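# Fold and contact review
So the chains spell out like this:
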Amino acid sequence: MTPANPAPRSEGPALELLVHGVGGATAQGVLGDPRTVRITGDGKAAVFRRTEDAQAELHPERYAGRPVPEAYCWSNLTSGNGARALWLLLLPFMVANLAHWMRPGAVGSRRTTRVYGALVRLVALSLTVLLTAAACEVALDLVAWQCAGTHACGGARGRLEFLAPAHGGWWSQPGRRLALAAAVPTALVALLWYLSNRTWSAYESQRPPLGPRAAGAAAADGGTEDGGAEDEGAEDEGTGPHRPALGRPGFWYGRRLVARLRAAHTAAGLLTVAAAVTGAAARHDRTAGGTAPAVYGAVLETALALAGCAVLYVVLRRGRSERRLDARLDRAAVRLLPGAAAGLLAAGLGYACWSRPGWVSAGSLPGDEAFRVIVLAQGALVVALAAAARRLHRRARHPRAVLGGLGGPAVAMLACALGGVMTGGVAQRVADWLGGPGVIPGPPVLLSWQASVIPALLAVLLVPALWLALRTWRTARRLAPAVEREYGAARPDAARSRRIAGTRARARLTDAAPVIVGVVSATTLLLGAAAVVGAWRSGRPPARTLADSGLLLSTAAEAAQALGSWLVGLGFVLFVAMGRRAYRDASARRTVGILWDVGTFWPRAAHPFAPPCYAERAVPDLTWRMCTWTDRTGGRLVISGHSQGSVLAAAAVWQLPSAARRRVALLTYGSPLERLYGRWFPAYFGPAALAGLHEELDCWRNLWRPTDPIGGPVILPAQGRGRREVDRPALADPLVYGRCDRYPLPEPILGHSDYRADPAFAEERARLLARLAPPLPRQGPASGGTGVDGGAQGSSGRSSG
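As the structure is a prediction and not an experimental result, all values here were calculated from the model.

### A word on the overall build of the protein chain
Counting its secondary structure elements, the protein chain contains 27 helices and eight strands. Among the 801 residues that make up the protein chain, the fraction classed as buried is 55%. Taking contacts inside the protein chain between residues at least 6 apart in sequence as the whole, the part at least 24 apart equals 82%. For the protein chain, the accessible area works out to roughly 33,100 Å², and carbon and sulfur atoms hold 61% of it.

Next comes the structure, spelled out in structure tokens:
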């Protein structure tokens, strides 16, 4: 046991680097002072101090017995200007990217790990194709083919009149209308490429500190060249001679893979547009009997198929390479693939503009089968992904991994469902805006079947929701007497006991989230398969298919179709409204930012169009700051992270070279390291990985409360003899049960907030600093200066507040 009142081992400079959690924290709020100064950093992420502490290194006598507080603020990486509200449209991509990191980690299963990664990348590619196909459905089918070809729709809308056949203009032929409308999905693909390229430069192009010591550590840990071979998943458990994955030099710098995937997904989007335009014209030419146009169309379709195979090869060929700083680019894939796809699109547009006077657009655009193929492919990929995950889980045997190792496949299924809802929502709303079923045929039948199963999905989801509510109520009743015994309440207050017990019971709902995710994913997979079968066999919407099946069944089908269509449309409208509000309102933008704080911690390993990974900027920032400060001062540093900040702090400590790690202590509080990350991402935060971090960093302490729905204990395997435990016993929340002399007013139930206000925080921080090694002799400033020392730049920093 640690002594109750440890005496500091030695005097010397000490720094406390505070890393906040989600929710848009400010430097003034973290430091508790309205007057702060920026020490180093920019408008996206920076280190701040109180103005009076800016020159602390020059006056160590003022800080005897206490560290200098310093705050790393990273809020603007996820909730800055209004343009980031558009990231809501990338939600399916973000969820698919999470599935990559949720795989179980098993040593010696590199082949299965590679298969798992390849399957997730294929799921991500299908989402890009689905989104582009949805844009083609709206622009090419609903607007250019159906509405512009119908007098009741196109003739009634002045902006589309020049496309109408009755107008007789150059654009009135169907192929030319399709070529013109193809500008919309093409612009969407170009926008996604631009955002991915731009956010890489702003967020993820930060190199970790690879000085002589770090480079030597990387070489010792297996960071040698391997000819570009894919090494994802190798030795992820932190055993053997290799470092854990989060400690590898190239983990937070994946330029090569992101560039490859960006080229492949851009090409896939352009090829989808080209196939939609070329396919319609080629089908007409095959039936019209023209030899030259039919041959040209067949050649183009063959070229598109070959280009699609090249895209699949690039996606499947290579995964992440983490053992080294992989800054190389596969220039052939990055440059030639999008260029070739753009050339084929241009050729397809020219082919569609070929004069075909007898061509008339009737019904819907031939291509309804495309959505069925995409949905079937996604279902098959998710099933194969589940098989790979189960095989990895059987070898890894993470006891607390969610859904028995099936967390990744379940989340991948949710990504596909989100993509389907967004696709159906935008198509349904545009069809209604253009006049509805009485004016145009409308969107593909499959979308109507998918909408019809949504009420059934909600009904199924209601069962576990009611079960969890009942279980929470019963747990709260059972905990109330235990709360009174725990506090030793001489005069129990039933209302007070119920509030504390209810908060603890609701905090446990976080551990039940996998049940909801599993039920939703499994039900979505089954109902989605039923929708595909129904649409394929009938070729009609559910209400028309079951119209002659009896009054009860036909009424239920009609009600499900109407309600599902309404829910899909409402969901899309709410989604757009939320994005619009977030664009204009800073507080709403912070709410959206919280979602990205959790979802974009991981690098873009599966989908290049996902929102950028802020940790690829934040983790190098923290690593650089800790390395340079300990080098320049020889002092002790405790990095204290709250909530998501504790995950960033742990990831940065993993990246430290051994010399700097001996000068650093880790204090986490309200931390989801094991409760969320350890269960959902077992290959990276599982028991072996956290135990390895504890072995490398003896000075680590974790604070948690039973009322906290996010944070929890860091559950580690049995500690070796003489090892200190990481977790402090659960903190009391509230601090006292009722009124007393020291607390004459009722104390609040804090839950996930205000850990630093608890007396245990300062106590544990002092113990950690006392356990660190004595300070080293102070070094002189490096030539040229790094600009990160508090005394070097603090005087020139901009004050705020």
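### Concerning the pattern of salt bridges
Think of it this way: side chains of opposite charge can pair up when their charged atoms draw near. A complete count under the given rule lists 20 salt bridges for this structure. The salt bridge partner of glutamate 70 is arginine 49, with a shortest N-O separation of 2.6 Å. Linking glutamate 70 in strand β4 (residues 68-73) with arginine 49 in strand β3 (residues 46-50), this pair joins segments that are 21 residues apart in sequence. Measuring nitrogen to oxygen at the nearest pair gives 2.8 Å for the salt bridge that ties arginine 356 to aspartate 285. Linking arginine 356 in the loop between α10 (331-352) and α11 (368-396) with aspartate 285 in helix α8 (residues 255-288), this pair joins segments that are 71 residues apart in sequence. Take arginine 356 and aspartate 285: they sit in the same class, and that class is buried. Where salt bridges share partners, they join Arg701, Arg728, Glu763, Glu764 and Arg767 into one cluster.

### Description of a nonpolar patch on the surface
On the surface, Leu563, Trp566, Leu570 and Leu574 cluster together into a nonpolar patch covering about 390 Å² of accessible area. The residue leucine 574 is located in helix α18 (residues 551-584) in this model. Among the residues examined, leucine 574 registers a relative accessible area of 52% and is labelled exposed.

### Concerning the side chain of threonine 266
Residue placement: threonine 266 occurs in helix α8. Given a relative accessible area of 6%, threonine 266 falls into the buried group. Of note is the side chain of threonine 266, whose polar atom sits 2.7 Å from the backbone oxygen of arginine 262. Threonine 266 has contacts with Val189, Trp193, Pro338 and Phe609, leaving out every residue within four places of it along the chain.

### Points about unusual backbone geometry
With omega at 0°, the peptide bond leading from aspartate 733 into proline 734 counts as cis. The residue proline 734 is located in the loop between β7 (700-703) and α26 (759-771) in this model. In this model, serine 643 sits at a positive phi of 55°, which is unusual for a non-glycine residue. Notably, aspartate 754 is not glycine yet its phi reads approximately 55°, a positive angle. Checked against the element boundaries, aspartate 754 lands in the loop between β7 and α26.

### Section: helix α16 (residues 513-538)
An ideal rise of 1.5 Å per residue puts 38 Å on 26 residues; α16 measures up with 37 Å between its terminal C-alpha atoms. Of the residues making up α16, those classed as buried are Pro514, Val517, Gly518, Val520, Ser521, Thr523, Thr524, Gly528, Ala531, Val532, Gly534 and Ala535. On its buried side, α16 packs onto α11, α12 (407-434), α13 (445-452), α14 (454-487) and α23 (673-680). Once α16 ends, the next one or two residues include glycine 539, with phi positive near 70°.

### Here we look at the packing of aromatic side chains
Here the structure, examined in full by the defined rule, presents 24 aromatic pairs. Centre to centre, the rings of tryptophan 602 and phenylalanine 681 are 4.8 Å apart; their planes meet at 40°, and the pair counts as tilted. In this pair, tryptophan 602 sits in the loop between α19 (586-599) and α20 (615-633) while phenylalanine 681 sits in the loop between α23 and α24 (682-685), placing the two residues 79 residues apart along the sequence. The class for tryptophan 602 is buried, based on a relative accessible area of 1%. When the centroid spacing of 5.9 Å and the interplanar angle of 75° are considered together, the rings of tryptophan 602 and phenylalanine 685 count as edge-to-face. Of this pair, tryptophan 602 sits in the loop between α19 and α20 while phenylalanine 685 is found in helix α24, placing the two residues 83 residues apart along the sequence. In this pair, the class of tryptophan 602 matches that of phenylalanine 685, namely buried. Ring pairs connect the aromatic residues Trp74, Trp101, Phe251, Trp252, Phe601, Trp602, Tyr614, Trp654, Tyr677, Phe681, Tyr684 and Phe685, which therefore count as one cluster. Across from the ring centre of tryptophan 536, 5.6 Å away, lies the NZ or CZ of arginine 372, which sits over that ring. Over the ring of tyrosine 755 we find arginine 705, and its NZ or CZ is 4.0 Å from the ring centre.

Parameters at a glance
Residues numbered from 1 in each chain as written. Predicted model: local features only at pLDDT ≥ 70, side-chain atom pairs only at ≥ 80, totals over all residues. Heavy atoms only, no water. Helix = DSSP H or I, 4+ residues; strand = E, 2+ residues; numbered from the N terminus. Buried < 20%, exposed > 50% of the residue type's maximum accessible area, 1.4 Å probe, protein only. Contact = heavy atoms within 4.5 Å. Areas by Shrake-Rupley, 256 points an atom, 1.4 Å probe, with all protein chains shown as cover. Salt bridge = Lys/Arg side-chain N within 4 Å of Asp/Glu carboxyl O. Patch = residues over 30% accessible without salt bridge, like charges linked within 9 Å, V, L, I, M, F, W, Y side chains within 5 Å. Polar contact = N/O pair within 3.5 Å; in protein donor to acceptor, adjacent residues only side chain to side chain. Expected span 1.5 Å × (residues − 1). Phe/Tyr/Trp six-rings, centres within 6.5 Å; stacked < 30°, edge-to-face > 60°. Lys NZ or Arg CZ within 6 Å of the ring centre and 35° of its normal.

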